[in-house]
Amino acid sequence: NAGVTQTPKFRVLKTGQSMTLLCAQDMNHEYMYWYRQDPGMGLRLIHYSVGEGTTAKGEVPDGYNVSRLKKQNFLLGLESAAPSQTSVYFCASTDTGDTGELFFGEGSRLTVL
Amino acid sequence: KQEVTQIPAALSVPEGENLVLNCSFTDSAIYNLQWFRQDPGKGLTSLLLIQSSQREQTSGRLNASLDKSSGRSTLYIAASQPGDSATYLCAVRPSDNAGNMLTFGGGTRLMVKP
């Protein structure tokens, strides 16, 4: 049972380069999220999706785009990376049933030089 | 706007001690509260989930309680071990179960010394 899987786990980019982080979940969850975690800032919501084909902005969406073409996948894109986007990115998913328990991926560490 | 606070921010205890981590929230209209553990360089692992109608949940040496009316939750760790060293976070989901409105506390960094 894989749960929530993120790829890649590590990436180094130069300023201005683009990249995509992939999140895949095998729990048939409706809701998926992208967070970033920075020292002293805690977890901040970037974008989220409440179902296939839907996306919405979170707390810190600028500089990022997302897509949810398939229910199990949630992609986070950086079109023109900036040093301020150096962070650890976490994907999470949750069901809409009784528990609402949140499951996280292992994280993707991104460094922008 | 919901605010979640965890005190203390850091805690160091000797092995074997029982300890309590605190989580407080400003809006009592919650759907559930979840406690997580995060090891350095790793993701968040769910420890306990308490629904708004529940008072506590237990898993092994861990016990989480919820007092919705006072806006508080505690995570009790019995007989602490060095392997318990990690950062512990709590997160609150609002009562309308809105998918976007999960609020996290800043975490408590726990170190258990042998």
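The sections below set out a description of the structure shown in this document. None of the values given here were measured: they were computed from a predicted structure.

### Quick notes on the pairing of strand S1 (residues 4-7) of chain A
Residue and element names in this part refer to chain A. What you see with S1 is a clean split: Val4 and Gln6 sit on the buried side and Thr5 and Thr7 on the side with no burial. With four bridges joining them, S1 and strand S3 (residues 19-25) adopt antiparallel strand pairing. The residue bridging Thr5 from the neighbouring strand is Ala24, located in S3.

### Quick notes on the side chain of Gln34(B)
Mapped onto the elements, Gln34(B) comes out in strand S4 (residues 30-38). Overall, Gln34(B) belongs to the buried group, its relative accessible area being 3%. In terms of polar contacts, Gln34(B) uses its side chain to reach the backbone amide nitrogen of Leu102(A), at 3.1 Å. When near neighbours in sequence (up to four residues on either side) are disregarded, Gln34(B) contacts Gly100(A), Glu101(A), Leu102(A), Ser46(B), Leu48(B), Leu49(B), Leu89(B), Cys90(B) and Ala91(B).

### Quick look at the packing of aromatic side chains
Applying the stated criterion to the full structure yields eight aromatic pairs over all chains. Ring centres of Tyr64(A) and Tyr89(A) lie 5.8 Å apart, and the angle between their planes is 65°; on these two criteria the pair is classed as edge-to-face. On the criterion of sequence distance, the pair formed by Tyr64(A) in the loop between strand S6 (56-57) and strand S7 (65-67) and Tyr89(A) in strand S9 (residues 87-94) is long-range, its members being 25 residues apart. Measuring from centroid to centroid gives 6.0 Å for Phe104(A) and Phe104(B), while their planes differ by 70°, and the two rings are edge-to-face. Here Phe104(A), found in strand S10 (residues 102-104), pairs with Phe104(B), found in strand S10 (residues 103-104), and the two come from separate chains. An aromatic cluster of three or more residues is present, and its members are Tyr33(A), Tyr35(A), Phe90(A), Phe104(A), Phe36(B) and Phe104(B).

### A look at the interface of chain B and chain A
On the side of chain A, 20 residues touch chain B, which itself brings 20 residues to the contact. Here chain B meets chain A over a buried area of about 1,500 Å², counting both sides, of which 51% is carbon and sulfur. Our count for the chain B to chain A interface comes out at zero salt bridges. Taken together, the connections running from chain B to chain A amount to four residue pairs in polar contact (both at pLDDT 80 or more). Of all the secondary-structure elements, those providing two or more residues to the side of chain B that touches chain A are S4, strand S5 (44-51) and strand S9 (86-94) of chain B. Per-element tally for the side of chain B that touches chain A: the top contributor is S4(B), with five residues.

### Focus on the sheet that holds strand S7 (residues 62-67) of chain B
Residue and element names in this part refer to chain B. The five strands are arranged S1-S3-S8-S7-S6 in an open sheet whose pairing can be described as antiparallel. Single-partner strands in this sheet number two, and they are strand S1 (4-7) and strand S6 (56-59). Each adjacent strand pair in this sheet contributes to an overall mean axis angle of 15°, direction not counted. Pairing between S6 and S7: four bridges, direction antiparallel.

### Some details on unusual backbone geometry
Most peptide bonds adopt trans geometry, and most residues besides glycine take a negative phi value. Cis geometry is found at the peptide bond from Thr7(A) to Pro8(A), where omega equals -5°. Note that Pro8(A) resides in the loop between S1 and strand S2 (10-13). Pro8(B) follows Ile7(B) through a cis peptide bond whose omega is 0°. When you line up the elements, Pro8(B) lands in the loop between S1 and strand S2 (10-14). At Asn28(A), a residue that is not glycine, the phi angle is positive and equals roughly 60°. Among the structural elements, Asn28(A) can be located in the loop between S3 and strand S4 (31-38). You can call Asn28(A) exposed: its relative accessible area is 54%.

### Re the nonpolar core
If you look at the biggest cluster of nonpolar residues, it comprises 22 residues, and the most contacted ones within it are Phe25(B), Leu33(B), Trp35(B), Leu75(B), Ile77(B), Tyr88(B) and Leu110(B). For this core, the secondary-structure elements that each account for two or more residues are strand S3 (19-25), S4, S5, S7, strand S8 (72-77), S9 and strand S11 (108-113) of chain B. Each residue touching Ile77(B), except ones within four places of it in the same chain, is listed here: Glu17(B), Asn18(B), Leu19(B), Arg61(B), Leu62(B), Asp84(B), Tyr88(B) and Leu110(B). Among the nonpolar cores identified, the runner-up in size contains 19 residues, and Val4(A), Cys23(A), Met32(A) and Tyr64(A) belong to it.

The rules behind the values
Residues numbered from 1 in each chain as written. Chains lettered and ligands numbered in written order. Predicted model: local features only at pLDDT ≥ 70, side-chain atom pairs only at ≥ 80, totals over all residues. Heavy atoms only, no water. Buried < 20%, exposed > 50% of the residue type's maximum accessible area, 1.4 Å probe, protein only. Helix = DSSP H or I, 4+ residues; strand = E, 2+ residues; numbered from the N terminus. Pairing = 2+ DSSP bridges. Polar contact = N/O pair within 3.5 Å; in protein donor to acceptor, adjacent residues only side chain to side chain. Contact = heavy atoms within 4.5 Å. Phe/Tyr/Trp six-rings, centres within 6.5 Å; stacked < 30°, edge-to-face > 60°. Buried area = accessible area lost by both parts, 1.4 Å probe. Salt bridge = Lys/Arg side-chain N within 4 Å of Asp/Glu carboxyl O. Axes fitted to C-alpha atoms, helices over the stretch in contact; angles between N-to-C directions. Core = buried A, V, L, I, M, F, W, Y, C linked by side-chain atoms within 4.5 Å.

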